[in-house]
Amino acid sequence: MPHRGLLSGKVGVPVWRWCGQARLQGIRARRVGVAGVCHGVWVDTDLWDAYDKMGLSFQQHAADSAYNAHYDRPAVLAALGPVTGLQVLDAACGPGLYLRELLDRGAEVSAFDASPVMVNLARQQAAGRVRIDQAALGEPLPYPDGAFDLVVCALAIHYASDRAAAFAEFCRVLRVGGAVVVSTQHSVMDWLRKGGSYFQTTLETDMWHTPSGDQPVHFWREPLSALCTAATDAGFLIEKVIEPVPAETMRERYPDDYEKLSSEPGFLILRLFKPARPAPSPAS
Ligand SMILES: C[S@@+](CC[C@H](N)C(=O)[O-])C[C@H]1O[C@@H](n2cnc3c(N)ncnc32)[C@H](O)[C@@H]1O
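Here is a short report on the structure shown in this document. All values reported here derive from a predicted model rather than from experimental measurement. (Residues numbered from 1 in each chain as written. Predicted model: local features only at pLDDT ≥ 70, side-chain atom pairs only at ≥ 80, totals over all residues.)

A look at the overall build of the protein
Our working definition: Working definition: helices are DSSP H or I runs of at least four residues, strands are E runs of at least two. Numbering for both runs from the N terminus. Contact criterion: two residues are in contact if their C-beta atoms, reconstructed from the backbone, are within 7 Å.
Each helix and strand counted, the protein has 10 helices and 12 strands in total. A separation of at least 24 residues holds for 68% of the contacts in the protein among residues at least 6 apart in sequence.

Printed below as a string of structure tokens:
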């Protein structure tokens with residue numbers, strides 16, 4: 001994603017930047033599986049492979065980056081609300097920055113990520129206090145029905161080839177009355193920087209310039225309505241749509257990002273509610 005990996009740094013701080021690349025067209029499949037073929041596009045890599053490669057450098061970056069630490073996390077944690085005593089699933093937990101916050105706030109946390117490297121980093125953060133599985137968004141999750149009060153899925157749903165299946169699994173593992181908070185790249189931001197039709201769902205690539213070299217990061221870009229439909233078709237009601245603004249902590253630390261994100265959308269947050277009975281679809 002542009003901004004998870006993007007840090008407009010100060011002098012002396014490693015700068016992670018992205019540059020847009022052409023949309024992927026007809027890439028060859030290395031293995032047909034989780035990434036597979038979607039919307040007519042062959043993917044030659046699992047989309048979490050980039051995180052395996054970035055490993056610790058992603059953790060170090062995300063711990064204090066403008067877009068993760070001063071934009072996404074404060075807004076998502078606010079959208080989650082109090083978590084004390086709640087069973088929370090951290091879906092696509094990455095190196096465990098959320099789960100540490102959630103534990104500090106008194107939640108009972110379980111977590112998973114598709115990247116084995118991220119799972120290991122998260123286990124180090126959790127120091128044995130959290131069950132952390134290797135599992136993929138859009139695949140069956142290793143948890144019973146109704147196991148959780150809350151699911152948080154920060155900055156990862158755009159890597160899932162089947163967003164509808166990912167939401168369906170979130171719905172299954174949540175109790176009735178539970179909620180999911182999902183943050184992702186704002187569709188308008190992706191459209192503005194990538195061009196083409198806003199309404200097409202396409203696999204895109206950003207090149208992240210990391211301290212350990214350039215890293216292509218693939219993600220799914222889709223219109224906002226497609227993301228919302230995937231969630232509501234899974235049985236959720238949309239409780240809140242949040243277009244976050246930067247935390248005040250960003251103002252001095254990353255003034256350029258602060259100015260930009262104060263006037264343009266970067267990320268989007270949905271808070272989704274699991275009702276007692278799925279809402280009837282307009283068609284039925
Ligand atoms: C930007 S990081 C976000 C990590 C964490 N949620 C956070 O905000 O700090 C995206 C994470 O999604 C994971 N990921 C990518 N595709 C995934 C998939 N299909 N299933 C599960 N995890 C995936 C990556 O391995 C990576 O850890």
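Let us keep going from here.
Focus on the environment of Pro216
Considering the arrangement of structural elements, one finds Pro216 in strand β10 (residues 213-221). On a C-alpha basis, the gap between Pro216 and Leu47 in space is 9.8 Å, while along the polypeptide they are 169 residues apart. Not counting the four nearest positions on each side in its chain, Pro216 is found in contact with Ala50, Thr205 and Met207.

Some remarks on helix α10 (residues 255-263)
Filter applied, for reference: Three exposure classes are used, based on other C-beta atoms lying within 10 Å of a residue's own C-beta, which is placed from the backbone: buried for 20 or more, exposed for 12 or fewer, and partly exposed in between. To be clear, the arc concerns the directions from the helix axis to the C-beta atoms.
Taken residue by residue, α10 has Asp257, Tyr258 and Leu261 as its buried positions. All buried residues of α10 project into a common sector of 100 degrees when viewed along the axis, lining one side. Exposed residues on α10 whose side chains face more than 90 degrees from its buried face are Asp256 and Ser263. Residues of α10 that are buried sit in contact with α3 (66-80) and α9 (249-253).

Quick word on the packing of helix α6 (residues 163-173) against helix α8 (residues 224-233)
Short version of the rule: Every angle, taken between N-to-C directions, lies between 0 and 180 degrees, and every axis is a line fitted to C-alpha atoms, over only the stretch in contact when it is a helix. Our angle categories are set so that under 35 degrees counts as roughly parallel, over 145 as roughly antiparallel, 65 to 115 as roughly perpendicular, and the remainder as oblique. For a crossing to be left-handed, the near helix must be turned anticlockwise from the far one by less than a right angle; the clockwise case is right-handed. The residue classification treats Ala, Val, Leu, Ile, Met, Phe, Trp, Tyr, Cys and Pro as nonpolar and Asp, Glu, Lys and Arg as charged. All others, Gly included, are polar.
With their axes 8 Å apart at the nearest point, α6 and α8 run at an angle of 40 degrees to one another. With respect to α8, the element α6 is oriented oblique. With respect to the hand of their crossing, α6 and α8 are arranged in right-handed fashion. In this structure, α6 contributes Arg163, Ala164 and Phe167 to the contact, and α8 contributes Leu227, Ala230, Ala231 and Asp233. Tallied by class, the residues present in the contact of α6 with α8 amount to 5 nonpolar, no polar and 2 charged.

Remarks on the sheet that holds strand β11 (residues 237-242)
Rules: Should DSSP find at least two bridges between two strands, the strands are regarded as paired.
Strand order in this open sheet of 7 strands is β6-β5-β4-β7-β8-β12-β11, and the pairing throughout is mixed. The sheet terminates laterally at β6 (131-134) and β11, the two strands that pair on one side only. Each neighbouring strand pair of the sheet contributes to a mean axis angle of 15 degrees, computed without reference to strand direction.

Some words on the site of the ligand
Just so we agree on the cut-off: Only the C-beta atom matters for nearness: placed from the backbone, it must lie within 6 Å of the molecule or strand for the residue to count as near.
Residues in close proximity to the ligand total 21 residues, the closest being Gly94, Ala114, Ser115, Ala154 and Tyr159. Here the residues of the shell around the ligand sort into 17 nonpolar, 2 polar and 2 charged.

Some remarks on the pairing of strand β4 (residues 87-91)
We count it as follows: Crossovers are described as right-handed under a simple rule: with the strands pointing away from the observer, the path leading from the first strand over the helix to the second runs clockwise.
In terms of burial, β4 is a largely internal element, 5 of the 5 residues being buried. The alternating pattern of β4 places Gln87, Leu89 and Ala91 on one face and Val88 and Asp90 on the opposite face, and all of these are buried. Relative to strand β5 (residues 108-113), β4 runs parallel, the two being bridged by 5 bridges. Counterpart to Gln87 in the pairing with β5 is Glu108. In this fold, β4 hands off to helix α4 (residues 97-104), which returns the chain to β5; that crossover is right-handed. Strand direction decides the pairing type here: β4 and strand β7 (residues 148-154), joined by 3 bridges, are parallel. From the neighbouring strand, Asp90 faces β7, where its bridge partner is Val152.

Considerations on unusual backbone geometry
With phi around 60 degrees, Ala92 is a residue other than glycine that occupies positive phi space. Mapped onto the elements, Ala92 comes out in the loop between β4 and α4. Phi at Leu155 is positive, roughly 55 degrees, even though this residue is not glycine. The topology assignment puts Leu155 in the loop between β7 and α6.

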